[in-house]
Amino acid sequence: MNSLSPNFADASPGMAELRPCAVLLLPGCSLLALAGVLEALQAVNDLQLDARYVAELRSADGGLVKCGSLALPTIALADQAAWHAVLLLSGEGAMPSLALLQWLREQATAGVALAGIDGGSAVLAEAGLLAAERATVNAHLAEALQDEFPDVVWSGNVWEINADASRLSCAGGSASLDLMIAWLGRSHGERLAQDLTLKLGLERARGRDERQRRPVAEQRGGSPKLAEALSLMEANLAEPLPTEDVARLVGVSRRQLERLFKQHLDALPSRYYLELRLNRARRLLQQSGQSILQIGLSCGFSSGPHFSNAYKAHFDKTPRDERSQRAIAWRRPAGDPT
């Protein structure tokens, strides 16, 4: 049993049903998300006697796995353990092997509940296990995954659980706590979910329909006009609107719009708009298989050189440099020669 969950191993389950959970780590996974999973599993054991949850840190090959700032010891998946659930945590751009994808498919066939946490949902999608399911993922990954896996219904919610609780997913960070509370509450009742929320020190757990993040303007105490302008910009990245048009559409003058952006975002509208487009381009370069030219055009740049020059001026590297440094092709797992 892994040293991060000694209480699970030491406590006697008595007559309780044993429910072993593989906490499957891929490189770059969130330490905060992992802590949420382990804390919830430990806390639920203190609150009910029907089932005993046992957590084991696992990885495809065993050994140390980088999680946040730590390298955590794991056990390989080579054994034939019968799992109650597999809770998969992955960082951005982790490359699952073909063997790991097949192992996940075998777990699904065996009826094991599968949870994708943070980037873990992308791995489940890569294995073909989220087709026609609602799923969520860390917000900055969602756009590329929508293009890569159009058969998945990607939501922007904090967490998702399907009807029979065979597929679970959540965003990164503290969203793992919300997911675990909801999932465990399904098994043990709403009262336990409430007790678990209190035991974990939360004022409340976020519900299924809550979005991952509020609009930037709302987060920073901005005005409705600023929020409307930001929504317009985000909805028109491929064909950017002139600042005058944005101001006209939200019902303010160009000067008023510039004051709002300066006050709340410390930037001119045109500069902020350009950064939105470049940041989207960067995500697509890192996470999608589209060509560099396709990405540039989809982010509102008129040509390859225009895109390359703007990208280099902002990030101090060209789009080609970005892709060569952080090639994240979800369709090509490690070991695939293509």
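See the structure printed just above.
So, a few notes on the structure that sits alongside this text. (Residues numbered from 1 in each chain as written. Predicted model: local features only at pLDDT ≥ 70, side-chain atom pairs only at ≥ 80, totals over all residues. Heavy atoms only, no water.)

### Considering the pattern of salt bridges
Considering all chains together, one arrives at 13 salt bridges under this definition. Across the pair Arg 271 and Glu 275 runs a salt bridge, and its minimum N-O distance is 3.6 Å. Linking Arg 271 with Glu 275, this pair stays in helix α12 (residues 269-287), spanning four residues, or about one helical turn. What makes Arg 271 partly exposed here is its relative accessible area of 40%. (Salt bridge = Lys/Arg side-chain N within 4 Å of Asp/Glu carboxyl O. Helix = DSSP H or I, 4+ residues; strand = E, 2+ residues; numbered from the N terminus. Buried < 20%, exposed > 50% of the residue type's maximum accessible area, 1.4 Å probe, protein only.)

### A few points about helix α14 (residues 304-315)
In this model, α14 (12 residues) spans 16 Å end to end at C-alpha, consistent with the 16 Å of a helix rising 1.5 Å per residue. Regarding α14, its N-cap is Ser 303, as a side-chain oxygen of that residue lies 3.2 Å from the backbone nitrogen of His 306 further along. Among the residues trailing α14, Asp 316 stands out with phi positive, at a value near 60°. (Expected span 1.5 Å × (residues − 1). Polar contact = N/O pair within 3.5 Å; in protein donor to acceptor, adjacent residues only side chain to side chain.)

### Digging into the packing of helix α9 (residues 224-235) against helix α11 (residues 254-265)
Relative to each other, α9 and α11 sit at 95°, their axes nearing to 10 Å. Between α9 and α11, the angle falls in the class roughly perpendicular. Within the contact between the two elements, α9 uses Lys 225, Leu 226, Ala 229, Leu 230 and Met 233 and α11 uses Leu 257, Leu 260, Phe 261, His 264 and Leu 265. Looking at side-chain class alone, the contact of α9 with α11 contains eight nonpolar, one polar and one charged residues. (Axes fitted to C-alpha atoms, helices over the stretch in contact; angles between N-to-C directions. Parallel < 35°, antiparallel > 145°, perpendicular 65-115°, else oblique. Contact = heavy atoms within 4.5 Å. Nonpolar A, V, L, I, M, F, W, Y, C, P; charged D, E, K, R; others polar.)

### Section: the side chain of Ser 59
Relative to the elements of secondary structure, Ser 59 occurs in strand β2 (residues 51-59). The contacts of Ser 59, once residues within four sequence positions are left out, are Leu 24, Leu 25, Val 65, Thr 74, Ile 75, Ala 76 and Leu 77.

### Observations concerning the pairing of strand β5 (residues 85-90)
For β5, the tally of buried residues reaches six of six residues, placing the bulk of the element in the interior. Neither face of β5 is exposed, since Ala 85, Leu 87 and Leu 89 on one face and Val 86, Leu 88 and Ser 90 on the opposite face are all buried. In terms of strand pairing, strand β1 (residues 17-25) meets β5 through five bridges, oriented parallel. Among the inter-strand pairings, Leu 24 is bridged to a residue of β5, identified as Leu 88. Sheet topology places β5 next to strand β6 (residues 113-118); six bridges connect them, and they run parallel. Within β6, the residue paired with Val 86 across the bridge is Leu 114. Traced from β5 through helix α3 (residues 98-109) to β6, the parallel crossover comes out right-handed. (Pairing = 2+ DSSP bridges. Right-handed = clockwise from strand over helix to strand, strands pointing away.)

### What to know about the nonpolar core
Formed by 44 residues in total, the largest nonpolar core has its most connected members in Val 23, Leu 25, Leu 34, Leu 41, Leu 87 and Trp 183. The next biggest cluster of nonpolar side chains, apart from the first, holds 30 residues, and it includes Trp 103, Leu 114, Leu 129 and Leu 130. (Core = buried A, V, L, I, M, F, W, Y, C linked by side-chain atoms within 4.5 Å.)

Don't take any of this as a statement about function, it's just geometry.
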